[in-house]
Amino acid sequence: MENRQYFKYPYRLPEMGYSYDALEPYIDALTMEIHYTKHHGGYVNNLNAALEKYPYLHDYYLEDLLMNLSALPLDIAESVRNNGGGHLNHSIWWQILTPGGSKTPTGELLQEINKTFGGFDNFKEQFNKAAMSRFGSGWAWLVLDRFGKLHIISTPNQDNPIMQNLMPIFGIDVWEHSYYLKYQNRRADYLNAVWNVLNWDVIEKRYQEMKKKVLYSIVGG
Ligand code: MN
């Protein structure tokens, strides 16, 4: 991700780069404000509090911690998982919702989506199904595996796909805090709305970055 300083201790909220009402009417301004300042802000504060007494972990980037949760001190492992995952997930979230950009996938990612899922409509249907069937709180994701293949998955709570050695291209937040004020229990209506505000230029860029990481990992660079 850009602006790596947000992903190392002391962690900070990355700039959202647009106003809380920028995604109206699909995502309302109050939800955006509370989601960003209170929920994401809370994850950042709790993550810093957990890591404060372990200076030897301050030199690592968040991704390194999340990929090595079993190596962390037991008293903070769960907090780093939840709050660190929350920080990373929401940083991706604001980025892929940046207003503007293409409203549908183009270029190489579209070709890969067509090849893997049998067309964009089928992809959207499968993605929504993963998002709808996530019980309780969590995320649905388009990920790239270490063989360069696309998959749709969902994760519980604030788990990020890198905890499973999968790279997140984009995700949709299906915690109730991301939609309840406007959509109440209607997760399907919220999901339909979100597809109108995804920025596929940003998502394509993330796909290209993740592909490079796959190549590096294969050659060991
Ligand atoms: Mn959220």
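### Description of the coordination of the manganese ion
Here's step 1: Distances from the manganese ion to its protein donors, His35 (NE2), His90 (NE2), Asp173 (OD) and His177 (NE2), fall within 2.0 to 2.1 Å.
Here's step 2: Sequence positions of the donors to the manganese ion reduce to the motif H-x54-H-x82-D-x3-H. With His35 in helix α1 (residues 29-51) and His90 in helix α3 (residues 74-96), the pair connects residues that are 55 residues apart, well separated along the chain. Each of the two residues, His35 as well as His90, counts as buried.

### Re the sheet that holds strand β1 (residues 138-144)
Here's step 1: Read across the sheet, 3 strands follow the order β2-β1-β3 without closing on themselves; strand pairing throughout is antiparallel. In this open sheet, the two strands that pair with only one neighbour each are β2 (150-156) and β3 (167-173). Strand-to-strand twist across the sheet, computed as the mean angle between neighbouring axes with direction ignored, equals 25°.
Here's step 2: Bridge count for β1 against β2 is 7 bridges, and the pairing is antiparallel. Looking across to β2, one finds that Val143 is bridged to His151.
Here's step 3: Across the sheet, α3 lies against β1 and β3, angled at about 80° from β3, the strand it touches most.
Here's step 4: Sheet strands touched by helix α4 (residues 107-117): β1 and β2. Its angle to β2, the strand with the most contacts, is close to 85°.

### Some thoughts on a nonpolar patch on the surface
Here's step 1: Taken together, the side chains of Leu30, Ile34 and Leu181 make up a nonpolar region of the molecular surface, amounting to roughly 260 Å² of accessible area.
Here's step 2: The exposure class assigned to Leu30 is partly exposed, which follows from its relative accessible area of 47%.

### What about the domain arrangement of the protein?
As a measure of interface size, the accessible area lost when the parts come together is often cited.
Here's step 1: Under the domain assignment used here, the protein contains domain 1 (27-96) and domain 2 (107-219).
Here's step 2: A separation of 19 Å is found between the C-alpha centroids of domain 1 and domain 2.
Here's step 3: With 23 residues of domain 1 at the interface, the matching set in domain 2 holds 29 residues.
Here's step 4: It is Asn89, Trp93 and Ile96 in domain 1 that bury the most area against domain 2; as a group they hold 30% of the surface buried on that side.
Here's step 5: Notably, a salt bridge pairs Glu63 with Lys213, separated by 3.4 Å at the nearest N-O pair.
Here's step 6: Linking domain 1 with domain 2 are 11 residue pairs in polar contact (both at pLDDT 80 or more), by the criterion used here.
Here's step 7: At the level of elements, α1, α2 (62-66) and α3 are the ones that each hand at least two residues to the side of domain 1 that touches domain 2.
Here's step 8: It is α3 that contributes the most residues to the side of domain 1 that touches domain 2, 11 residues altogether.
Here's step 9: Of the residues in the side of domain 1 that touches domain 2, the class split is 11 nonpolar, 9 polar and 3 charged.

### Brief notes about the packing of α4 against helix α5 (residues 120-133)
Here's step 1: Remark: α4 packs on α5, axes separated minimally by 8 Å, with the N-to-C direction vectors making an angle of 70°. As the angle between them shows, α4 and α5 are arranged roughly perpendicular. In contact with Leu110, Ile113, Asn114 and Phe117 of α4, α5 contributes Phe120, Asn122, Phe123 and Gln126.
Here's step 2: Broken down by class, the residue content of the contact of α4 with α5 amounts to 5 nonpolar, 3 polar and no charged.

### As for unusual backbone geometry
Both trends apply: most residues other than glycine have a negative phi, and most peptide bonds are in trans.
Here's step 1: In this model, Tyr9 is joined to Pro10 through a cis peptide bond whose omega is -10°.
Here's step 2: The residue Pro10 is located in the segment before α1 in this model.
Here's step 3: The step from Glu24 to Pro25 runs through a cis peptide bond, and the omega angle for that step is 0°.
Here's step 4: Its location among the elements puts Pro25 in the segment before α1.

### A closer look at α5
Here's step 1: For α5, with 14 residues, the first-to-last C-alpha span of 20 Å sits near the 20 Å given by 1.5 Å per residue.
Here's step 2: Phe120, Phe123, Phe127, Asn128, Ala130 and Ala131 are the residues of α5 that are buried. Burial along α5 is one-sided: seen end-on, the buried residues are contained in an arc of 160°. Residues of α5 that are exposed and point more than 90 degrees away from the buried face comprise Asp121, Glu125, Lys129 and Ser133.

The rules behind each value
- Residues numbered from 1 in each chain as written.
- Predicted model: local features only at pLDDT ≥ 70, side-chain atom pairs only at ≥ 80, totals over all residues.
- Heavy atoms only, no water.
- Donors = N, O, S within 2.8 Å, 3.2 Å for Na, K, Ca; no water.
- Helix = DSSP H or I, 4+ residues; strand = E, 2+ residues; numbered from the N terminus.
- Buried < 20%, exposed > 50% of the residue type's maximum accessible area, 1.4 Å probe, protein only.
- Pairing = 2+ DSSP bridges.
- Axes fitted to C-alpha atoms, helices over the stretch in contact; angles between N-to-C directions.
- Contact = heavy atoms within 4.5 Å.
- Patch = residues over 30% accessible without salt bridge, like charges linked within 9 Å, V, L, I, M, F, W, Y side chains within 5 Å.
- Areas by Shrake-Rupley, 256 points an atom, 1.4 Å probe, with all protein chains shown as cover.
- Salt bridge = Lys/Arg side-chain N within 4 Å of Asp/Glu carboxyl O.
- Domains from an automatic or database assignment.
- Buried area = accessible area lost by both parts, 1.4 Å probe.
- Polar contact = N/O pair within 3.5 Å; in protein donor to acceptor, adjacent residues only side chain to side chain.
- Nonpolar A, V, L, I, M, F, W, Y, C, P; charged D, E, K, R; others polar.
- Parallel < 35°, antiparallel > 145°, perpendicular 65-115°, else oblique.
- Expected span 1.5 Å × (residues − 1).
- Arc of directions from axis to C-beta.

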